[in-house]
Amino acid sequence: MPAMPLSDRVLMGPGPCNPYPEAVGALGRPMLGHLDPEFLTVLDEVNQNLRTVFRTSNSLTFPVSGTGSAGMEACLVNTVEDGDVVVVGVNGVFGDRMCEVAARCGAEVVRVQAEWGRALDPQELLEAHPSPKVIAVVHAETSTGVRNDIAELGSGKGDSLLLVDCVTSLAGIPVDIDGWGVDLAYSGTQKCLGTPPGLAPVTVSPRARERLVDRSRSWYLDFSMIADYVETGSARAYHHTAPISLVFALHAALDTILAEGLPSVIERHRACGQRLQEGLQGLGFELFAEEGHRLPELTTVWVPEGIDEAEVRAQLLNVYGIEVGGGLGAFSGKLWRIGCMGHTARHRNVTNLIGALRELLG
Ligand code: PLP
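Every chain is numbered on its own, with residues counted from 1 as its sequence reads. Local features in this predicted model are restricted to residues of pLDDT 70 or higher, and side-chain atom pairs are both shown and tallied only at a pLDDT of 80 or more, whereas totals for entire chains, interfaces and linings draw on every residue. Water and hydrogen atoms were dropped before computing side-chain values, which therefore reflect all heavy atoms in the structure.

Section: the domain arrangement of the chain
Interface size is commonly expressed as the accessible area that is lost once the parts come together.
Now for step 1: Taken domain by domain, the chain consists of domain 1 (6–18 + 262–361) and domain 2 (21–259).
Now for step 2: Domain start and end points were adopted from an automatic or database domain assignment. The C-alpha centroid of domain 2 is placed 26 Å from the C-alpha centroid of domain 1.
Now for step 3: Between two residues, a contact is recorded if the distance between any of their heavy atoms is within 4.5 Å. Contacts between the two partners involve 27 residues from domain 1 and, on the opposite side, 29 residues from domain 2.
Now for step 4: Interface area for domain 1 against domain 2, summed over the two sides, is near 2300 Å², with a carbon-plus-sulfur share of 66%. Buried area is understood as the total, over both parts, of accessible area removed when two parts are fitted together, assessed with a 1.4 Å probe.

Right, dumping it as C-alpha cells:
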C-alpha cells in the first residue's frame, strides 16, 4: 500500500494532536508588534477565554511562552524558594518531573507515590506533611492515562497552595479551578486545546499572588514582571517578545472550542474515549489504567503478547497514517498510549484506528 501523505497524518499519540483547522489557519495571520493595540486586544481575548476554559476569575491568566514544562517551571519558580516544603503526588512521569523542577528551585520535596496506572490517594497527599508551602499534583497523567482527583485536595489544603498540572486535562475533561480551590495551574496548547505546541496557559489565584517569592530565580518566567505585560489595565510594558503567531493560533482554537461549547467539547472527548476503549477491548486489548480513573483523551493498553509492537506502530503510521504512542520508562515496549484530543477526538478517527488494528492484527 502506498504511504499516506504527511498532511493526512492522524495524530493519536499522547500529543501533539491535530490542531483545529482554524488554529492552523491563524498561524498565517499578518505579523503584528507585541505592543500593537490590535495584538493586545487578541491577547486580552485569549486570556479571557482561558479563564472560561479553566473556570476561573483569576486576573493573572495568560499563556506562558514555552511548552507545558515551561508552565510547570513558571509555577514552581515563582512560589518556591530554598527550604520550602513541596508535597508532590507521583504516579507517572510528569509527577516525577514536578519533583525534579521543585528540587531545582530549592524545595524540600515530599513525594507521595502511587503505583503507575493507579490514582493518587488525596488523603495521603494531605497527610504527607503538616504545613507544606505547595501541594502539587498532575490532573491527567499522560504517561499512564490516569486521572487524579483534585476537589478533595482543594477543600483539605489548609494554608498550602494547590498547584495542578492540567496539560492533558484542560478542554478535554472537566476542570474547575475556582470550584476546586486550585491556586496555580498550567496547561499546554498541543493537547485538548488543539493548538500547535509552544504555549503554556497558566492561571494564578489572588491568594497565590500574595505569596509569590520576592525574587524568582528565573528572570524569564518571573510572574510579577510578566503581569505588567499580560494584564489588562497594567502598563503593558515590554518584558519579552510574545510568540505572536502562536497566540493567534490559540485565539482561534479557543474561539472554536467556545463556539462548539465547552460542555459539548468535553462530551465529544468522553464519547470518543469510551468508543475507543470499548473498541480496543473488543479486539482483545487489556486496558492499563484503573477503572473509574481512566482518561477518555488518553487511553493506555497493554501490548498483546507475541506481537512486534514497534512494527505494528510503524505500519499504523506508514500505511494508515495514524500515529499512536508507545509506553514511557519501564513501560516502553509494553504499553501503547492512544490520544483522542482536541480536533483529533472524532468518531471517524476511532473507527479508522480500530479498523486498521483489526486488519493488522487479524
Ligand atoms: N505535564 C503533562 C501531564 C504532560 O503530558 C506533559 C507533556 O506531555 C508535560 C507536563 C510537559 O509538557 P511539554 O512536553 O509540552 O513541555
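Structural notes on the sheet that holds strand S1 (residues 10–12)
Now for step 1: Following DSSP output, two strands are said to pair if at least two bridges run between them. Note on conventions: DSSP H or I runs of at least 4 residues are helices, E runs of at least 2 residues are strands, and numbering of each starts at the N terminus. Strand order across the open sheet formed by five strands is S1-S13-S14-S12-S11, with mixed pairing between neighbours. Two strands bound the open sheet, and with one partner strand each, they are S1 and strand S11 (286–287).
Now for step 2: The sheet contact formed by strand S12 (residues 298–302) and strand S14 (residues 335–339) spans five bridges and is antiparallel. Its bridge partner lying in S14, Val 301 is registered against Trp 336.
Now for step 3: Taken strand by strand, helix H11 (residues 262–282) contacts S11, S12 and S14, and its axis lies near 15° from that of S12. The axes used here are C-alpha line fits, helices contributing only the stretch in contact, and every angle between their N-to-C directions lies in the interval 0 to 180 degrees.

A look at the packing of aromatic side chains
Now for step 1: Only Phe, Tyr and Trp rings are paired, with Trp represented by its six-membered ring, and only when their centres lie within 6.5 Å; those with planes under 30 degrees apart are stacked, over 60 edge-to-face, the remainder tilted. Under the definition given, this model contains seven aromatic pairs.
Now for step 2: Between Phe 39 and Phe 248, the ring centres sit 6.0 Å apart and the planes meet at 75°, which makes this aromatic pair edge-to-face. One end of the pair, Phe 39, is in helix H2 (residues 37–54); the other, Phe 248, is in helix H10 (residues 244–260), with 209 residues separating them in the sequence. As far as burial versus exposure is concerned, Phe 39 and Phe 248 are alike and both buried.
Now for step 3: Arranged with centres 5.7 Å apart and planes meeting at 35°, the rings of Phe 285 and Trp 336 form a pair that is tilted. Per-residue accessibility, obtained with a 1.4 Å probe over protein chains only, is compared with the maximum for each type, and a residue is labelled buried under 20%, exposed over 50%, and partly exposed between these values.

Quick word on the nonpolar core
Now for step 1: Buried Ala, Val, Leu, Ile, Met, Phe, Trp, Tyr and Cys residues that are joined via side-chain atoms within 4.5 Å together make up what is termed a nonpolar core. Residues Leu 163 and Phe 223 are the most contacted members of the largest nonpolar core, which totals 94 residues.
Now for step 2: The element contributing the most residues to this core is H10, with ten residues.
Now for step 3: Residue-level mapping places this core at the junction of two domains, with at least three residues from each of domain 1 (6–18 + 262–361) and domain 2 (21–259).
Now for step 4: Once you skip the residues sitting within four places of it in the chain, Leu 163 turns out to touch Cys 75, Leu 76, Met 98, Val 134, Ile 135, Ala 136, Val 137, Leu 184, Ala 185 and Tyr 186.
Now for step 5: By size, the runner-up hydrophobic cluster in this structure holds 24 residues, among which are Cys 272, Leu 280, Ile 338 and Val 350.

Observations concerning the pairing of strand S2 (residues 60–65)
Now for step 1: In terms of burial, S2 is a largely internal element, six of the six residues being buried.
Now for step 2: In terms of strand pairing, S2 meets strand S10 (residues 199–204) through six bridges, oriented antiparallel. Bridged to Phe 62 within S10 is Val 202.

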